[in-house]
Amino acid sequence: GEAVVPVANCDLKEYNSNPKEQLPFKEFVEYWREYIRNGHRSERGCLYLKDWHLSRSGLLPEAPGSGIAFPELDVYTTPVYFSSDWLNEYWDAAARDDFRFVYMGPKG
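In short, a report on the structure. Just so you know, these numbers come straight off a predicted model, no measurement behind them.

1. Looking at the nonpolar core
Then, in step 1: Judged by nonpolar contacts, Ala 3, Val 5, Val 7, Leu 23, Phe 28, Tyr 31, Tyr 35, Cys 46, Leu 47, Leu 49, Trp 52 and Leu 54 together constitute the single largest core of twelve residues.
Then, in step 2: Mapped onto this core, the elements with two or more residues apiece are strand S1 (4-9), helix H1 (25-37) and strand S3 (47-52).
Then, in step 3: Not counting residues up to four positions away in its chain, the partners in contact with Leu 49 are Val 5, Pro 6, Val 7, Phe 25, Phe 28, Val 102, Tyr 103 and Met 104.

2. Quick notes on the packing of aromatic side chains
Each aromatic ring pair is specified by the distance between its two centres and by the angle formed by the two planes.
Then, in step 1: Evaluation of the coordinates by the stated rule reveals four aromatic pairs.
Then, in step 2: Centre to centre, the rings of Phe 28 and Trp 32 are 5.8 Å apart; their planes meet at 50°, and the pair counts as tilted. Of this pair, Phe 28 and Trp 32 both sit in helix H1, four residues apart, which is roughly one turn of that helix.
Then, in step 3: Judged by its relative accessible area of 0%, Phe 28 falls in the buried class.
Then, in step 4: An aromatic cluster of at least three residues, connected via ring pairs, comprises Phe 28, Tyr 31, Trp 32 and Tyr 35.

3. Some points on the environment of Phe 28
Then, in step 1: The spatial distance from the C-alpha of Phe 28 to the C-alpha of Leu 47 is 8.2 Å, given a sequence separation of 19 residues.
Then, in step 2: Residues in contact with Phe 28, not counting those within four places in the same chain, are Val 7, Leu 47, Tyr 48, Leu 49, Met 104 and Gly 105.

4. Observations concerning H1
Then, in step 1: An ideal rise of 1.5 Å per residue puts 18 Å on 13 residues; H1 measures up with 19 Å between its terminal C-alpha atoms.
Then, in step 2: Elements in contact with the buried residues of H1: S1, strand S2 (20-24), S3 and strand S4 (102-104).
Then, in step 3: Following H1 by one or two positions, Gly 39 has its phi on the positive side, about 70°.

Conventions used here
Residues numbered from 1 in each chain as written. Predicted model: local features only at pLDDT ≥ 70, side-chain atom pairs only at ≥ 80, totals over all residues. Heavy atoms only, no water. Core = buried A, V, L, I, M, F, W, Y, C linked by side-chain atoms within 4.5 Å. Buried < 20%, exposed > 50% of the residue type's maximum accessible area, 1.4 Å probe, protein only. Helix = DSSP H or I, 4+ residues; strand = E, 2+ residues; numbered from the N terminus. Contact = heavy atoms within 4.5 Å. Phe/Tyr/Trp six-rings, centres within 6.5 Å; stacked < 30°, edge-to-face > 60°. Expected span 1.5 Å × (residues − 1).

What follows is the structure, given as structure tokens:
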């Protein structure tokens, strides 16, 4: 619940993209539940969790990406059909980035 996640506002556009903000995961889940209870509407717009690097998520809003939110869990396994995960093999070795993302949000 304390992991900080990137959340896009799908109702707004900035330079052909949706602006993002950082929220605690539990706050995003609370928003999502409220959005559903309100008939898929919210004064905050349609928010969508987008491009969350779960395998390297930071816990502190002041330092996103500074720690692993779930170090005891292996949160990512490459599907057997993509076992040659050359993009992540490279970036894991470079210790700079990864291509393991989580996307979730309400319909709308």
